[in-house]
Amino acid sequence: IVFSAISYAKNAQAIDEAADAGVKVVVIDSDVNSSGVVARIGTDNAQAGRMSAKAALDTEELDSIVVGIVNCDVETQNCQERERGFRVALAADPRVQDIYTVNVPTDAELARQAARGLLLEHPDINVLVGFNEPLAVGTAQAVDELELNGQVREIAFDTNPVCVELLQKGAVSALIVQNPYAMGYLGVETAWRSLQGERFDASSLINTPTTTITRETMFTIESQKAIFSFD
């Protein structure tokens, strides 16, 4: 099984049962709390969180920073790790005054509603982040709908066409781009290698690359390869 968990805790029993039955389980992208996993592949999520913070803070235009976070359910491990890395990096910048957080299911429309409500309730927010692709789409749409392009630094994840378009338009300030193609490819390859008897260190992440893309860099060859990843 190549598996990506919705819940770090609640998916554990099923994975334990599969492992006990002799099934090889390789986790990609989002982890699960099971000792039965033979290999883990994905993004260094804490580092991705720090990258998103660097992109958010990389401006001389803001003397005071108020942050809005739209994140998914607290049981989704990868997003929580991203938020922790993000907060650690924010703590080192004295410009950061407040952080407001809302958690929603992983759904673009719910994220749009939540981000819109957050921005209306706290109009001093000038940095906004969504920690996975659907959340990023929703938060970017909220910034665009409220005509806050250029006023709110929106940091988005992944390369949904909506976010790429809004990056070019200016509603999104930066994309933190993972490599889902590599996760899927390596997931299947690692599962096959495991079936051939090869052993992996499940306590050590097989890391796939993450790239920061801005409006200024989005048309470079390197950025285009990351946006339209095929290997």
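Visitor: In this structure, what is going on with the pairing of strand S8 (residues 174-177)? I would like to understand it.
Guide: The two faces of the sheet receive side chains in turn, since in a regular strand these alternate between them. Across the two faces of S8 the burial is the same, with Ala-174 and Ile-176 and Leu-175 and Val-177 all buried. As defined by bridge partners, strand S7 (residues 153-157) adjoins S8 across 3 bridges and the pair is classed as parallel. Residue pairing in the sheet places Phe-157 in a bridge with Ile-176 of S8. Since S7 and S8 lie parallel, the crossover through helix H6 (residues 161-169) that links them has a hand, and here it is right-handed. Direction of pairing for S8 relative to strand S10 (residues 211-214): antiparallel, over a ladder of 4 bridges. Bridging across to S10, Ile-176 finds its partner in Thr-212.

Visitor: Hey, could you run me through the nonpolar core in this one?
Guide: Generally speaking, a soluble globular protein has its nonpolar side chains buried in company with each other. In terms of nonpolar packing, the biggest core is built from 53 residues, with Val-67, Phe-86, Leu-119, Leu-128, Leu-175 and Ile-213 touching the most fellow members. Residues contacting Leu-119, with those up to four places away along its chain left out, are Ile-125, Leu-128, Ala-142, Val-143, Leu-146, Leu-148 and Val-152. Among the nonpolar cores identified, the runner-up in size contains 8 residues, and Ala-18, Val-27, Val-32 and Val-37 belong to it.

Visitor: What should I look at first to understand unusual backbone geometry in this one?
Guide: Most peptide bonds adopt trans geometry, and most residues besides glycine take a negative phi value. Not every positive phi belongs to a glycine, and Asp-29 is a case in point at roughly 70°. Its place among the elements puts Asp-29 in the loop between strand S2 (25-28) and strand S3 (37-42). We note that Glu-147 has phi near 55°; this positive angle belongs to a residue other than glycine. Following the sequence through the fold, Glu-147 ends up in the loop between helix H5 (133-145) and S7. Take Glu-147: its relative accessible area is 64%, and that puts it in the exposed class.

Visitor: What is the right way to read the sheet that holds S10 from this model?
Guide: Whether parallel or antiparallel, the strands of a sheet pair through hydrogen bonds between backbone atoms. Within the open sheet, the 6 strands sit side by side as S5-S4-S6-S7-S8-S10. Their pairing is mixed. Of all strands in the sheet, those bounded by a partner on one side alone are strand S5 (96-103) and S10. Each neighbouring strand pair of the sheet contributes to a mean axis angle of 15°, computed without reference to strand direction. Sheet analysis places strand S4 (residues 65-71) next to S5, joined by 7 bridges and oriented parallel. Considered in S5, the bridge of Val-66 is made with Asp-98. Against the sheet, H5 engages S4, strand S6 (127-130) and S7, with an angle of about 155° to S7.

Definitions and cut-offs
- Residues numbered from 1 in each chain as written.
- Predicted model: local features only at pLDDT ≥ 70, side-chain atom pairs only at ≥ 80, totals over all residues.
- Heavy atoms only, no water.
- Buried < 20%, exposed > 50% of the residue type's maximum accessible area, 1.4 Å probe, protein only.
- Helix = DSSP H or I, 4+ residues; strand = E, 2+ residues; numbered from the N terminus.
- Pairing = 2+ DSSP bridges.
- Right-handed = clockwise from strand over helix to strand, strands pointing away.
- Core = buried A, V, L, I, M, F, W, Y, C linked by side-chain atoms within 4.5 Å.
- Contact = heavy atoms within 4.5 Å.
- Axes fitted to C-alpha atoms, helices over the stretch in contact; angles between N-to-C directions.

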